[in-house]
Amino acid sequence: MEQQDKSRDTAVGNVYDQIDAIYRRAVARSRRINAPLTQVEQSLLAFIGSNPGCRATDIASAFSLNRSTVSRQVHALAELGLVIEGDDGDSQQRRGRALSVTEEGADRLKRSLAIHREAVRNRLEGWSEAELRDFAAALERFNSAGNE
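Residues numbered from 1 in each chain as written. Predicted model: local features only at pLDDT ≥ 70, side-chain atom pairs only at ≥ 80, totals over all residues. Heavy atoms only, no water.

## So, the pattern of salt bridges
Opposite charge on two side chains allows them to pair when their charged atoms are near.
Right, so step 1: Within this structure, the stated rule accounts for five salt bridges.
Right, so step 2: One salt bridge connects Glu2 with Lys6, and the closest N-O pair in it is separated by 3.9 Å. Here the residue Glu2 and the residue Lys6 both occupy positions in helix H1 (residues 2-32), the gap between them amounting to four residues, near one helical turn.
Right, so step 3: Here Glu2 falls in the exposed class, since its relative accessible area comes to 58%.
Right, so step 4: Note that Glu129 and Arg133 form a salt bridge whose closest N and O atoms lie 3.9 Å from each other. Of this pair, Glu129 and Arg133 both sit in helix H6 (residues 129-143), four residues apart, which is roughly one turn of that helix. (Salt bridge = Lys/Arg side-chain N within 4 Å of Asp/Glu carboxyl O. Helix = DSSP H or I, 4+ residues; strand = E, 2+ residues; numbered from the N terminus. Buried < 20%, exposed > 50% of the residue type's maximum accessible area, 1.4 Å probe, protein only.)

Structure, rendered in structure tokens:
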């Protein structure tokens, strides 16, 4: 039984290493080809775009981040003209400002996603449709397994 636990721990470590490699490659790709967005900017814009009217507190909760960290990032996106921090009349409650993606933000997000998706498409060249479906299903299962 102990050998089985070690084998499982090794396999889990290998999975983590591969996920880490995917992320590092995406970050390096963004820097190398001067992608329109960093991974953080892309993640935040995608979330705001999918959740118009969300606030920094919503993002902090969804990403398990400190609200001040998210606020700084959102402020930087606003300074770049990628998001608008609206005033929806709820400022009395100090819940933060409703966020929305600007046209420029949507365009840059679209371009950034296209660059990264093309890189994934290239890496999956030669995979069968069945292999792609199985891989996607395994990733979905992995990503739906918990909130961490």
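## Let's talk about the nonpolar core
Right, so step 1: Core analysis: the biggest nonpolar cluster contains 16 residues, and Leu45 and Ile59 have the highest contact counts within it.
Right, so step 2: Looking at this core, the elements that each hand over two or more residues are helix H2 (39-50), helix H3 (56-63) and helix H4 (67-79).
Right, so step 3: Per-element tally for this core: the top contributor is H2, with four residues.
Right, so step 4: Setting aside chain neighbours within four positions, we find Leu45 in contact with Leu37, Leu77, Leu82, Val83, Val101, Gly105 and Leu109. (Core = buried A, V, L, I, M, F, W, Y, C linked by side-chain atoms within 4.5 Å. Contact = heavy atoms within 4.5 Å.)

## Some points on the packing of H2 against H3
Right, so step 1: Where H2 meets H3, the axes come as close as 11 Å, and the angle between the chain directions of the two elements is 115°. Judged by the sense of rotation from one axis to the other, the crossing of H2 with H3 is right-handed. Where H2 approaches H3, its residues Ser43, Leu44, Phe47 and Ile48 are matched on the opposing element by Asp58, Ile59, Ala62 and Phe63.
Right, so step 2: Of the residues in the contact of H2 with H3, the class split is six nonpolar, one polar and one charged. (Axes fitted to C-alpha atoms, helices over the stretch in contact; angles between N-to-C directions. Left-handed = near helix turned anticlockwise from the far one by under 90°. Nonpolar A, V, L, I, M, F, W, Y, C, P; charged D, E, K, R; others polar.)

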